[in-house]
Amino acid sequence: MKKSGYVTITGKPNVGKSTFLNMIMQRKVAIVSPKPQTTRNQIKALYHTKNSEIIFIDTPGYHESHNKLDVFLNSQIKGGYKIADVVLLFVDLTRPIDNEDKTIIKNLKEYKIDNIILVLTKFGISNQTTVEKYSKEIKAMVEVKEVITIDSPKAINIDTLIKSIEALIPANNHQTETIIEDENFLISEIIREQIIFNTKQEVPYATSIIVESKNYEEKSKLLTINAVIVVEKQSQKPIIIGHQGEMIKKIGTMARKELLKIYDCKINLKLFVKVQEQWRDDEYFLSTIGYFHKK
C-alpha cells in the first residue's frame, strides 16, 4: 500500500525552498532568484517514489504585510499549514536566525504542526559547528522530529530527506489530488523571473504578468505568446521598456530561452507594458490575475 501526503515547504525568503523543489522534480516548477517575494503563489508538485506519492507545496517567504498582495502571500503560507502532514522548515546556515524565522516558528506552533523537519540549507558551504548551533537554537523554540542538512545544487542529503518524509506521512490517509499545471502561470512566472533578474529597487515587486493569448501554428511549429507586463506607476514603464526598447527585448530574449527548455517548438514571445495604478492594493484586479477570489 502506497503512502500519500502533503508536505509544506516553509521558511523566510531565499532560503532554498524553490531550488529544492526544482531539484527533486528535475525541471523548473518554481522560479528562483536572490530577491525576496520571488514565489507569490502556493506551488504544488506531485513527487512519486516506489512507496509513496507526495504533494510538495512551495509557499512564499513570510514577510510583513504592507498591501493586499502581501496579505495574499501570507495567506498562501497559512493555507499550506492547514493541510500539511509534514512541514519542512527551511533555515539558511549562512544567514542569522532572525525575527522572520521566529515569526514562522510562532505560526507553526499556532497551527499545532506535529511533524516538523528542520531543513538546514547550504550545508556544502557551512560546517558542523554552525549546524549544531542552529539546531540547538531552533529546537529551543519548536519541537522538530528531525534535523537534516542539505545542499540542493550538490544533491547532498536529498535522499535522506525524502526517506524521513516518507516515514512521517500516513498510509492511505487521503487520496492524492490531481495536480493540473497551469501553463499560463508557468509562462508568466518565467517572464517575471527575468524582470526580477534584470531590474532593480521597487520595479521587480511592482510588476505582474498577464498571458493574454497563445497560438500554435502546426505547419510552422511556431508558438506565439502575447503577454502584458503590468506595472504600478507611470515612471516604471520606461524602466521596463528601456532605452530604445533594449530592456524589454532583453527580458523577452532571456524568457524565450527558458521557455524553449519546456516547449519542443519555435517560440515568438511578444511583450507589452501596461500601467495599473497601485495594483497591489486593488483587490478586484488581484482577483482577475489569480490572487484572492472575485466577490
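Residues numbered from 1 in each chain as written. Predicted model: local features only at pLDDT ≥ 70, side-chain atom pairs only at ≥ 80, totals over all residues. Heavy atoms only, no water.

The next subject is the packing of aromatic side chains. Enumeration according to the criterion identifies five aromatic pairs in this entry. Note on Tyr 81 and Tyr 111: the rings are 5.8 Å apart at their centroids and 65° apart in plane angle, and the pair reads as edge-to-face. On the criterion of sequence distance, the pair formed by Tyr 81 in helix 2 (residues 68-83) and Tyr 111 in the loop between helix 3 (99-110) and strand 5 (116-121) is long-range, its members being 30 residues apart. In this structure Tyr 111 comes out as partly exposed when scored by relative accessible area, which is 29%. What links up through ring pairs into an aromatic cluster is the set Phe 20, Tyr 47, Phe 56 and Phe 90. (Phe/Tyr/Trp six-rings, centres within 6.5 Å; stacked < 30°, edge-to-face > 60°. Helix = DSSP H or I, 4+ residues; strand = E, 2+ residues; numbered from the N terminus. Buried < 20%, exposed > 50% of the residue type's maximum accessible area, 1.4 Å probe, protein only.)

This part is about the sheet that holds strand 9 (residues 266-275). One open sheet holds the three strands; their spatial order is 7-8-9, and the pairing between them is mixed. Two strands bound the open sheet, and with one partner strand each, they are strand 7 (208-217) and strand 9. Recorded for the sheet is a direction-independent mean angle of 15° between the axes of neighbouring strands. Inspection of the sheet shows strand 8 (residues 222-231) paired to strand 9 by 10 bridges, in the parallel sense. Each bridged residue has a counterpart across the sheet, and for Thr 224 the counterpart in strand 9 is Asn 268. Across the face of the sheet, helix 6 (residues 183-198) comes into contact with strand 7, strand 8 and strand 9 while running at roughly 120° to strand 7. On top of the sheet, helix 8 (residues 246-259) reaches strand 8 and strand 9; it is set at about 140° to strand 9, its chief contact. (Pairing = 2+ DSSP bridges. Axes fitted to C-alpha atoms, helices over the stretch in contact; angles between N-to-C directions. Contact = heavy atoms within 4.5 Å.)

All right, on to the side chain of Ser 135 then. Residue placement: Ser 135 occurs in helix 4 (residues 128-139). Ser 135 gets classed as buried once you look at its relative accessible area, which sits at 9%. Among the polar contacts listed, one links the side chain of Ser 135 to the backbone oxygen of Val 131, at a separation of 2.8 Å. Apart from residues lying up to four places away in sequence, Ser 135 is in contact with Leu 118, Leu 120 and Val 147. (Polar contact = N/O pair within 3.5 Å; in protein donor to acceptor, adjacent residues only side chain to side chain.)

So, on to the packing of helix 6 against helix 8. As a packed pair, helix 6 and helix 8 sit with axes 9 Å apart at the nearest point and diverge in direction by 130°. One finds that helix 6 runs oblique with respect to helix 8. Judged by the twist between their axes, the crossing of helix 6 over helix 8 is right-handed. Each of Ile 187, Ile 190, Ile 191, Glu 193, Gln 194, Ile 195 and Asn 198 in helix 6 lies in contact with helix 8, whose residues at this interface are Met 247, Lys 250, Ile 251, Met 254, Ala 255, Glu 258 and Leu 259. Among the residues making up the contact of helix 6 with helix 8, the classes are represented as nine nonpolar, two polar and three charged. (Parallel < 35°, antiparallel > 145°, perpendicular 65-115°, else oblique. Left-handed = near helix turned anticlockwise from the far one by under 90°. Nonpolar A, V, L, I, M, F, W, Y, C, P; charged D, E, K, R; others polar.)

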